[in-house]
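If you want the building blocks of each chain, they are given just below.
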Amino acid sequence: MRKLNIVVTGASRGIGAAICKALADDHHVIMVARDHQALQLSAAGLPAENVRLIDCDLRSHESIKRACAELGKVDVLVNNAGIA
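An account of the accompanying structure is given in this report. (Residues numbered from 1 in each chain as written. Predicted model: local features only at pLDDT ≥ 70, side-chain atom pairs only at ≥ 80, totals over all residues. Heavy atoms only, no water.)

1. Points about the side chain of Ser42
Along the chain, Ser42 turns up in helix H2 (residues 36-43). The exposure class assigned to Ser42 is buried, which follows from its relative accessible area of 19%. Among residues more than four places away in sequence, those in contact with Ser42 are Ala11, Ser12, Arg13, Ala17 and Met31. (Helix = DSSP H or I, 4+ residues; strand = E, 2+ residues; numbered from the N terminus. Buried < 20%, exposed > 50% of the residue type's maximum accessible area, 1.4 Å probe, protein only. Contact = heavy atoms within 4.5 Å.)

What follows is the structure in structure tokens.
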């Protein structure tokens, strides 16, 4: 099976972090969130060769543009970021 490139927003905690954990063994996971330290904590223990971290504040168009330039090919987007 081909490894997919999966982008997960809101990946620093909660459901986003859990999704990354579930996918990281079998796919390339791009973890996206605005808090780099929280991203690093969420990525701890995941296979480093399958995980990439991108800092991005989804409230900022400039931050989104910069993050998109870093992404490359994306097979799946899990648009999980948000606050209830």
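Now that the structure has been shown, the text picks up again.
2. Points about the sheet that holds strand E2 (residues 28-33)
Taken in spatial order, the four strands make up an open sheet running E3-E2-E1-E4, and their pairing is parallel. In this open sheet, the two strands that pair with only one neighbour each are strand E3 (51-55) and strand E4 (76-78). Averaged over all pairs of adjacent strands, the angle between their axes in this sheet comes to 20 degrees, without regard to strand direction. H2 contacts E2 and E3 of the sheet and is inclined by roughly 165 degrees relative to E3. (Pairing = 2+ DSSP bridges. Axes fitted to C-alpha atoms, helices over the stretch in contact; angles between N-to-C directions.)

3. Things to note about helix H3 (residues 61-71)
Count 3.6 residues to each turn of an α-helix, and residues three or four apart come out pointing the same way. Residues Ser63, Ala67 and Leu71 constitute the buried set of H3. Here the buried residues of H3 occupy an arc of 80 degrees about the axis, which is enough to place them on one side. Every exposed residue of H3 that faces more than 90 degrees away from the buried side is listed here: His61, Glu62, Lys65 and Ala69. Where H3 is buried, its residues meet strand E1 (5-9), E2 and E3. At the C-terminal side of H3, Gly72 shows a positive phi close to 80 degrees. (Arc of directions from axis to C-beta.)

4. Thoughts on the pairing of E3
In this structure, E2 lies alongside E3, joined through five bridges in parallel fashion. Bridge pairing in E3 places Val29 opposite Val51. Regarding topology, H2 serves as the crossover connection from E2 to the parallel E3, and that connection is right-handed. (Right-handed = clockwise from strand over helix to strand, strands pointing away.)

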